[in-house]
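Spelled out, the chains give:
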Amino acid sequence: MKILSWNCRGLSNPRAIPNHRKLAHEHRPEVLFLSKTLAKSQKLEHIRVILKFEACLSIDVEGRSGGITVLWRDSAQCSVVNFTRNFVNILIKDESKGDWRLTCYYGFLERGRRKQVWDMLRDIRDMSNVPWCVIGDFNDLLSQQDKRGNHEHPNWLCVGFRQVVNDCDLNDIPIEGHQFTWIKSRGTDHVIEERLDRALANSDWLSLFPNEEGIRDVVHQRWTNGISPDVVHRISSCAEELEKWNKKRSRKQKEELEVYKAIMENCRGNHDPASFKQFCDAQVEYNKLLILEDTYWKQRAKMHRLREGDLNTKFFHLSATARRNSQKIDMLMNENMEEVRDHMGICEVAKNYFTELFTAKEGNYDPILNFIQASITEEDNDKMLRHVSKEELHAALLEMHPDKSLGPDGFNPDFYQKFRELCSDNIFEAVTHWLDRGFFPSSINETNVCLIPKTVNPNDMKNLRPISLCNVVYKMV
């Protein structure tokens, strides 16, 4: 999902609407937040139509300042929770991530009202416990490094804003490109630049949307620039490259954790603004790396129903280890009631058991089958015979839990859900071709069979429950 926040500083300028149209066309955001519109809702409704958004909520300008507007598309599944002249609270229903909250925020310009808006942020925090992200023009600075100019920003304002950010468990999302969002006296010796606009998010939200820098480039490159256009080759090519990328990333992540930890230790006893800024920046990056590690161990532990509040990497690590140990098969009894302990022998016991179980026995079954009445109607049959649609494949994919166990291709549903825009057309074309010709490539139909113990320390195949771990593309069809 793309969310765009823009302090437009008034819509009366003739260039405003063309600029909005250009931004909306280039970035194609699902949600667009405009602050300081200095306009009435009638004008914003006109802009909504021009920009082709399906919904819009506008708060009129009051006097000569303010005015906020949020526009969104139906695909974003947004519902307005509450709003004032300073913020709009939106609940977003994400089919793959779950519900989370977006607050589009515009802070008071007057310094005498800062404490009022800081208390308002704390009140917004308490309105819900779902993952939370805040974007907009805060009219506040976190530190002196957020300003470039002749005069320092009042230190009490920086301290107060940092305190409310900490109280709300919010993390500053780093900005890319030019570091300042507001400028005054451009082109003179008295130019002033400040970073008044930013995005903040709590730990729960960062867990939902971890930093995926690098992975998208790898997937896009391998999926689009592969030697073969075949989907099977694209999938295997991505898997090989991502395995290499993950090994490099894991090593780099451990090194970066130590670096940020050392920076925080070195700055801990220093109280000057530069050291404080360095400490805060290192702490943000350190926490992001911990969240990535936490997400990894959650997937390994398969604790889908757990909703904890704090990072608990040790717990998930132990859960994954315990889960692996409890499912390890050390010994099985073969058909002659002999103990088999070597790996190849255990595999042979399992193979013989299922071969015997699923091999048809000779006999005349017609008297029984004749009593079974047909349950498929002509209408049902027509539905099953019609060509598959892209919408059906999409719906089947979204019904899968993102963190379900991997198939032989090495990808879980979350991969295909996140890269749906990149992969969906190619997968749809391939699936249509496979169904028309009547068979799949053998690698798509490959399945890992996992044996789940019914009892503690099972030694007989009857005490093991088989589950099939299929490839996601196969399950979609």
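Above this text you will find the structure in question.
Just so it is clear, the model here is predicted, and its values are computed rather than measured.

Conventions adopted
- Residues numbered from 1 in each chain as written.
- Predicted model: local features only at pLDDT ≥ 70, side-chain atom pairs only at ≥ 80, totals over all residues.
- Heavy atoms only, no water.
- Helix = DSSP H or I, 4+ residues; strand = E, 2+ residues; numbered from the N terminus.
- Buried < 20%, exposed > 50% of the residue type's maximum accessible area, 1.4 Å probe, protein only.
- Areas by Shrake-Rupley, 256 points an atom, 1.4 Å probe, with all protein chains shown as cover.
- Pairing = 2+ DSSP bridges.
- Phe/Tyr/Trp six-rings, centres within 6.5 Å; stacked < 30°, edge-to-face > 60°.
- Axes fitted to C-alpha atoms, helices over the stretch in contact; angles between N-to-C directions.
- Contact = heavy atoms within 4.5 Å.

**A word on the overall build of the chain**
In step 1: The helix and strand tally for the chain stands at 16 helices and 17 strands.
In step 2: Relative to its full complement of 477 residues, the chain shows a buried share of 38%.
In step 3: Split by element, the accessible area of the chain, about 28,800 Å² in all, is 51% carbon and sulfur.

**Section: the sheet that holds strand β9 (residues 147–148)**
Adjacent strands of a sheet form backbone hydrogen bonds with each other and so pair up, either parallel or antiparallel.
In step 1: The strand order across the open sheet built from three strands is β9-β12-β11, with neighbouring strands paired in antiparallel fashion. A strand with exactly one partner marks an edge of an open sheet, and here the two such strands are β9 and β11 (182–184).
In step 2: The pairing of β11 with strand β12 (residues 192–194) spans three bridges and is classified as antiparallel. Residue pairing across strands places W182 opposite E194, the latter belonging to β12.

**Focus: the pairing of strand β7 (residues 98–106)**
In step 1: Within β7, seven of the nine residues are buried, leaving the element largely enclosed by the surrounding structure.
In step 2: Here strand β6 (residues 87–94) pairs with β7 via eight bridges, running antiparallel. Counterpart to N89 in the pairing with β7 is T103.
In step 3: Hairpin connection between β6 and β7: a loop of three residues separates the two successive antiparallel strands.
In step 4: Judged from the six bridges that link them, β7 and strand β8 (residues 132–137) form a sheet pairing that is parallel. Paired with T103 across the two strands is V134, which belongs to β8.

**Thoughts on the environment of E379**
In step 1: Structurally, E379 is set in helix α12 (residues 378–385).
In step 2: Overall, the relative accessible area of 53% leaves E379 in the exposed class.
In step 3: For E379 and Y474, which are 95 residues apart along the polypeptide, the C-alpha to C-alpha distance reads 25 Å.

**Let's talk about the packing of aromatic side chains**
In step 1: Per the counting criterion, the structure on display carries 12 aromatic pairs.
In step 2: Summarising the aromatic geometry, the rings of Y353 and F354 are spaced 5.3 Å apart at their centres and angled 75 degrees between planes, so their arrangement reads as edge-to-face.
In step 3: Aromatic side chains F440 and Y474 sit 5.7 Å apart centroid to centroid with 70 degrees between the ring planes, which places their arrangement in the edge-to-face category. Of this pair, F440 sits in the loop between α15 (420–437) and β16 (447–453) while Y474 sits in helix α16 (residues 472–476); the two residues are 34 residues apart in sequence, bridging distant segments of the chain.
In step 4: By relative accessible area, which is 26% here, F440 ends up partly exposed.
In step 5: Residue Y474 is classed as partly exposed on the basis of its relative accessible area, which comes to 29%.

**Topic: the sheet that holds strand β3 (residues 55–59)**
In step 1: Across the sheet, which stays open at both edges, the four strands sit in the order β1-β2-β4-β3 with mixed pairing between neighbours. Edge positions in the open sheet fall to β1 (3–7) and β3, since each of these has one partner strand only. For this sheet the average axis-to-axis angle between neighbouring strands, irrespective of direction, equals 10 degrees.
In step 2: Relative to strand β4 (residues 68–72), strand β2 (residues 31–35) runs antiparallel, the two sharing five bridges. If you follow L34 over to β4, its bridge partner there is T69.
In step 3: Across the sheet, helix α2 (residues 41–51) touches β2, β3 and β4, and the angle it forms with β3 is around 155 degrees.

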